[in-house]
Amino acid sequence: MNGCKLDLTDLVGQTLCYDIYDKDDPQEVEKVISKIRPGGIFVTDMTKEKIRFYEEMANRYCKVPVLVSSDVENGPFTPIKGAGMLPHPMAWGACGDETLIERAGELTGKICRAAGIRFAFAPCVDILYNFQCPSINIRAVSDSPEAVIKIAGAYMRGMQKGGLVSACKHFPGDGVDDRNPHFLTTVNSFSKDKWSATFGKVYLEMFRMGCE
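Residues numbered from 1 in each chain as written. Predicted model: local features only at pLDDT ≥ 70, side-chain atom pairs only at ≥ 80, totals over all residues. Heavy atoms only, no water.

With that settled, consider the overall build of the protein chain. Looking only at helices and strands, the protein chain has eight helices and five strands in total. N-terminal to C-terminal, the α/β element order of the protein chain is α-β-α-β-α-β-α-α-β-α-β-α-α. By its C-alpha atoms, the protein chain is 45 × 35 × 35 Å across when sized along the principal axes. Residues counted as buried form 47% of the 212 residues belonging to the protein chain. Excluding contacts between residues fewer than 6 apart, the proportion of contacts in the protein chain whose partners are at least 24 apart in sequence is 73%. (Helix = DSSP H or I, 4+ residues; strand = E, 2+ residues; numbered from the N terminus. Buried < 20%, exposed > 50% of the residue type's maximum accessible area, 1.4 Å probe, protein only. Contact = heavy atoms within 4.5 Å.)

Once that is clear, we can look at the packing of aromatic side chains. What describes a pair of aromatic rings is the distance from one ring centre to the other and the angle between the planes of the rings. A full pass over the atoms with the stated rule returns eight aromatic pairs. Ring centres of tryptophan 92 and tyrosine 155 lie 4.5 Å apart, and the angle between their planes is 50 degrees; on these two criteria the pair is classed as tilted. Of the two residues, tryptophan 92 is situated in helix α4 (residues 89-95) and tyrosine 155 in helix α6 (residues 145-161); the sequence distance between them amounts to 63 residues. Taken individually, tryptophan 92 and tyrosine 155 each receive the classification buried, so the pair is uniform in this respect. When the ring of phenylalanine 119 is compared with that of phenylalanine 121, the centres are 5.2 Å apart and the planes differ by 65 degrees; the resulting orientation is edge-to-face. (Phe/Tyr/Trp six-rings, centres within 6.5 Å; stacked < 30°, edge-to-face > 60°.)

As a further point, take the nonpolar core. Ranked by size, the top nonpolar core spans 45 residues in total, and within it Ile20, Ile51, Ile117, Val125, Tyr155 and Met206 carry the most contacts. Elements represented by at least two residues in this core include exactly β1 (17-21), α2 (26-36), β2 (40-44), α3 (48-61), α5 (98-114), β4 (119-124), α6 and α8 (199-208). At eight residues, α6 tops the list of elements feeding residues into this core. Those residues in contact with isoleucine 51 that lie beyond four places of it in its chain are Val43, Met46, Val68, Pro79, Ile80, Ala115 and Ile117. (Core = buried A, V, L, I, M, F, W, Y, C linked by side-chain atoms within 4.5 Å.)

So, on to unusual backbone geometry. Trans peptide bonds make up the majority, and among non-glycine residues the majority have a negative phi. Of the consecutive residues alanine 122 and proline 123, the connecting peptide bond is found in the cis state with omega at 5 degrees. Summarising the element assignment, proline 123 is placed in strand β4. One non-glycine residue, arginine 37, adopts positive backbone phi at about 45 degrees. On the secondary structure map, arginine 37 appears in the loop between α2 and β2. By relative accessible area, which is 17% here, arginine 37 ends up buried. Positive phi outside glycine occurs at asparagine 137, with the angle close to 45 degrees. Secondary-structure assignment places asparagine 137 in the loop between β4 and α6.

Here the largest pocket defines a volume of roughly 210 Å³. If you trace the largest pocket, you find 15 residues lining it, with Phe171, Gly173, Asp174, Pro181 and Thr186 closest to the centre. (1 Å grid on protein atoms, 1.4 Å probe; cavity = no way out; pocket = protein on both sides within 12 Å on 5 of 7 lines; lining within 4 Å. Points joined across faces, edges and corners; volume = space filled by probe spheres on them.)

This part takes up the environment of arginine 37. Through-space distance from the C-alpha of arginine 37 to that of alanine 122 is 25 Å; in sequence the pair is 85 residues apart. Contact partners of arginine 37, with chain neighbours within four places excluded, come to Asp7, Thr9, Asp10, Gly13, Gln14, Val32, Tyr61 and Cys62.

Turning our eyes to something else, we now look at the packing of α2 against α3. The interhelical angle for the contact between α2 and α3, taken along N-to-C directions, is 35 degrees, at an axis separation of 9 Å. As for how α2 packs across α3, the hand of that crossing is right-handed. Contacts between α2 and α3 involve Pro26, Val29, Glu30, Ile33 and Ser34 from the former and Phe53, Tyr54, Met57, Ala58, Arg60 and Tyr61 from the latter. Looking at the contact of α2 with α3 residue by residue, the class counts come to eight nonpolar, one polar and two charged. (Axes fitted to C-alpha atoms, helices over the stretch in contact; angles between N-to-C directions. Left-handed = near helix turned anticlockwise from the far one by under 90°. Nonpolar A, V, L, I, M, F, W, Y, C, P; charged D, E, K, R; others polar.)

Written out as structure tokens, the structure is:
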């Protein structure tokens, strides 16, 4: 960092990732960024030019270059206006073609990197043990840990080839309850041994393959 010194606000800011949406007022965004000096920004539904605009804005206030991230579980369409959309992960599991999924991940990575995005909140590595779970359902590859490792691992490898850092999600155990964890604390009722053989197994293998 060329000897730059971080004060307490800078250090706390490094733990924050500030969500920015296309509808947000740039002046309000700048006020927040100048105050919290985040370590990262999360972008949604913007042109490439606007993503770069916010990256440059953040870097005027942050002593460490910000990490630009987004949600790309369905390809680059979520962060980038007009970019391609992939089907939900359940369709990837039905397809079962690692080569095809890896290629989709690679193209996603290249498109996102060209827009300045470097960190991906993907792939989804949830296991569909409860089809009534509203937050997982079609976002899960399969009800088989082995199938999730195979297909999600292929997407991760592709994104890495395309230049993205990949962070698997969601919380390891989400999807057993039939309530939505976006609105309340849910419960995973598995025993420790069962969790280790299912969700724990998936995360361990993803980490071994280089996922964050």
